[in-house]
Structure formats: structure tokens, C-alpha cells
Amino acid sequence: MHELAITQSVVDAVCERAGGRPVRSVRVRVGVLTAVVPDSMRFCFGLVTEGTAAEGAQLEIDQPPGAGRCRTCAVEFTLTDLILLCSCGSADVEITSGQELQIVSMEVG
């Protein structure tokens, strides 16, 4: 379950940035192509925040959809998984969205 390690890294970064102030909420952007399960991340967040400045904080997860662009025919299309195949038959696909994994914001105080 890589969500635990990812969530631990998020909480570590947030607590370091908070400088001892209590954290009320954390917003993250986790693209659908990252294979991170939002419910698992929420569960892990509750565990790893115990005893930290982020204990009791709300975790908000934005999940941008996957998108790709075919380098052969230049068509842009939605990706629901990591099977990178264009309708033209080409597998030369550039992922343009859906792999994001970032802390967007946090509320302290």
C-alpha cells in the first residue's frame, strides 16, 4: 500500500511548513493515473497525523482526470488507465494530465 508512504510524506511536508502551528486542512491534487486510491489515502491520513500538528485536519483530494495526446495523429483524448493506445492504433502517446501528485494548499491556525 504505497498510499501510506505517500501520505506520510505529505504530512511530514505540511507539518514542517506549519512550523508548529495547528493544521486545519490540507488540499492535495492526485491524478487518476497515479494509482493512488483516495479512500486509502484518507484512511492513512488519519493514522499518520496522530500526535502531529495536523491531527484532526481535513484532507481534501482533487483528482484531475487522465488525458493524453497522440504524437502520430495529434488527437487529444481521455485516459482512464495507463493503457496508452490511440484510436488510430498508435502507442506513441504523451500523457498530458492525470499524473499529478502535489500539495496544493493548507490551512493553519
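Only a predicted model underlies this, so the values are computations on that prediction, with no experimental measurement involved. (Residues numbered from 1 in each chain as written. Predicted model: local features only at pLDDT ≥ 70, side-chain atom pairs only at ≥ 80, totals over all residues. Heavy atoms only, no water.)

## Some points on the UniProt feature "binding site: Ni(2+)" (unreviewed entry) in the chain
In this numbering, the UniProt entry assigns the feature "binding site: Ni(2+)" (unreviewed entry) to His 2. Counting through the fold element by element, His 2 comes out in helix H1 (residues 2-18). (UniProt positions renumbered as here; feature names shortened; annotations may be inferred. Helix = DSSP H or I, 4+ residues; strand = E, 2+ residues; numbered from the N terminus.)

## Description of the nonpolar core
Grouped together as the largest cluster of nonpolar side chains are 17 residues, with contacts concentrated most on Val 23, Val 26, Val 28, Met 41 and Leu 59. In contact with Leu 59, other than residues within four places in its own chain, are Val 26, Val 28, Met 41, Arg 42 and Phe 45. Of all hydrophobic cores here, the second largest spans six residues; its members include Leu 33, Cys 70, Leu 79 and Cys 86. (Core = buried A, V, L, I, M, F, W, Y, C linked by side-chain atoms within 4.5 Å. Buried < 20%, exposed > 50% of the residue type's maximum accessible area, 1.4 Å probe, protein only. Contact = heavy atoms within 4.5 Å.)

## Re the state of the cysteines
Scanning the entire structure with this criterion turns up zero disulfides. Not engaged in a disulfide, the cysteine Cys 70 finds its nearest cysteine sulfur in Cys 73; these two sulfurs lie 3.7 Å apart. By relative accessible area, Cys 70 is classed as buried at 0%. Free of any disulfide, Cys 88 has its nearest cysteine sulfur in Cys 86, 3.7 Å distant. (Disulfide = S-S within 2.5 Å.)

## Observations regarding the sheet that holds strand E3 (residues 66-70)
Spatial ordering of the open sheet is given by E4-E3-E5, a layout of three strands whose pairing is antiparallel. Of all strands in the sheet, those with a lone pairing partner are strand E4 (76-79) and strand E5 (93-97), marking the two edges. Put simply, the sheet's adjacent strands are angled 35° from each other on average, direction ignored. Relative to E4, E3 runs antiparallel, the two being bridged by four bridges. Across the sheet, residue Arg 69 finds its bridge partner in E4, namely Glu 76. (Pairing = 2+ DSSP bridges. Axes fitted to C-alpha atoms, helices over the stretch in contact; angles between N-to-C directions.)

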